[in-house]
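# Observations on the model geometry
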Amino acid sequence: MAIIKTRAIVLRRRLFSETSLVAALLAREGGRFDVLAKGCRRPGSPLFGHLDLCQCEEVVILERPQAGLDLLLEAGFADEHPGLRFFPPAFAAAGLLANLAAEAALPGEPQPGLFEVLSRAIPLLSGLGEPFRAARLSASPPLSLPDKEILLVRTLKLALLDALGWLGFGLELGRCLACGRPPGPGEPAWLDPRRGGLVCRACRPGGGPGFARIGPEALAALRSREAGAARLELALPPAERLRWLGFLLDYCQRVLEKPLKGREVLLQLLKVRDGRGFSTSGPDKG
């Protein structure tokens, strides 16, 4: 048995007994840890109040290979991301990313890339809720922030793209997966979630459910994201935001071969507004 000290993100938690929890944690070096937090639901426990979804914690873990579950000995907050709790769509998006990571990461296999994706995306999502949190704490009038939803969807799309790339399930964006021909200048293409890449107009079998049309400008933007700095600033044409998000969620489900928890909740929170953006019914919206 070995004792490990590391920083980890809480991906999942479930009841183990009246006073204990089992949690899935993602660490940069060690990958996923499935841990038992004994007595953490007792108010007097040093672990009480820890292990909330998507929190980043400094943890001490006792590895127990033969027991099936490692033992969580200590936990201290590295970042609680409180803004998530004040903007429900951001919390749903962060939870969806955590679920994807929990399904994809294997115990004992280092996942530094996936850890970096979550470490970058979750604070951005939490930041979307900070104005709502500040408004409640100062008893100021409710906020009206029409751009929050667009920023949320952009962040989620980019995080999903990055996560799929780190996990080895990247998209083929250079050529049609059916005929091998790259789209011509100014020519639209469609994304097929079953095959994970582009299909040209000639090879698209009558559209079909799950296909997402992508225009030349959006395709060029997606290809350029590999250049580096543009990765978190990718802006698709407004009319394509919803199609892209739906496609990526469907593709993730096909990669996992199971439903992605949080998908339906998130899509119910996001409503199309004139085909250009999203509106929510968050608690502080006017």
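Residues numbered from 1 in each chain as written. Predicted model: local features only at pLDDT ≥ 70, side-chain atom pairs only at ≥ 80, totals over all residues. Heavy atoms only, no water.

This brings us to the nonpolar core. Grouped together as the largest cluster of nonpolar side chains are 58 residues, with contacts concentrated most on Leu 11, Leu 125, Leu 152 and Leu 160. Here this core gets 11 residues from one element, more than from any other, and that element is helix H1 (residues 88-104). Contacts of Leu 11, omitting those with residues within four sequence positions, involve Ala 24, Leu 25, Leu 26, Leu 53, Ala 98, Ala 101, Ala 102 and Leu 118. Formed by 16 residues, the second largest nonpolar core is a distinct cluster that contains Leu 21, Phe 33, Leu 72 and Ala 75. (Core = buried A, V, L, I, M, F, W, Y, C linked by side-chain atoms within 4.5 Å. Buried < 20%, exposed > 50% of the residue type's maximum accessible area, 1.4 Å probe, protein only. Helix = DSSP H or I, 4+ residues; strand = E, 2+ residues; numbered from the N terminus. Contact = heavy atoms within 4.5 Å.)

With that settled, consider the sheet that holds strand E7 (residues 197-199). One open sheet holds the 3 strands; their spatial order is E7-E6-E8, and the pairing between them is antiparallel. Looking along the sheet, the strands with just one partner apiece sit at the ends: E7 and strand E8 (212-214). Going from strand to strand, the sheet's axes swing by 45 degrees on average, the running direction of each strand aside. In the sheet, strand E6 (residues 189-192) pairs with E7 via 3 bridges, with the strands oriented antiparallel. Bridge pairing in E7 links Asp 192 to Gly 197. (Pairing = 2+ DSSP bridges. Axes fitted to C-alpha atoms, helices over the stretch in contact; angles between N-to-C directions.)

This part takes up the pattern of salt bridges. Pairing between side chains of opposite charge can happen when the charged atoms of each approach one another. Per the counting criterion, the structure on display carries 12 salt bridges. Among the salt bridges present, the one from Glu 116 reaches Arg 28, with a minimum N-O distance of 1.9 Å. Of this pair, Glu 116 sits in helix H2 (residues 112-138) while Arg 28 sits in the loop between strand E2 (21-27) and strand E3 (31-37), placing them 88 residues apart in sequence. Of the residues examined, Glu 116 reaches a relative accessible area of 32% and is grouped as partly exposed. (Salt bridge = Lys/Arg side-chain N within 4 Å of Asp/Glu carboxyl O.)

This next bit is on the packing of aromatic side chains. How two aromatic rings sit relative to each other is set out by the distance from centre to centre and by the angle between their planes. According to the stated counting rule, one finds 2 aromatic pairs in the structure shown. Measuring from ring centre to ring centre gives 5.1 Å for Phe 87 and Phe 132, while their planes differ by 25 degrees; the resulting arrangement is stacked. On the criterion of sequence distance, the pair formed by Phe 87 in the loop between strand E5 (70-79) and H1 and Phe 132 in helix H2 is long-range, its members being 45 residues apart. The same class applies to Phe 87 and to Phe 132, which are both buried. Arranged with centres 6.0 Å apart and planes meeting at 5 degrees, the rings of Phe 247 and Tyr 251 form a pair that is stacked. Of this pair, Phe 247 and Tyr 251 are both found in helix H5 (residues 241-256), 4 residues apart, which corresponds to roughly one turn of the helix. Residue classification places Phe 247 among the buried positions, given a relative accessible area of 1%. Under the relative-accessibility criterion, Tyr 251 is labelled buried at 8%. (Phe/Tyr/Trp six-rings, centres within 6.5 Å; stacked < 30°, edge-to-face > 60°.)

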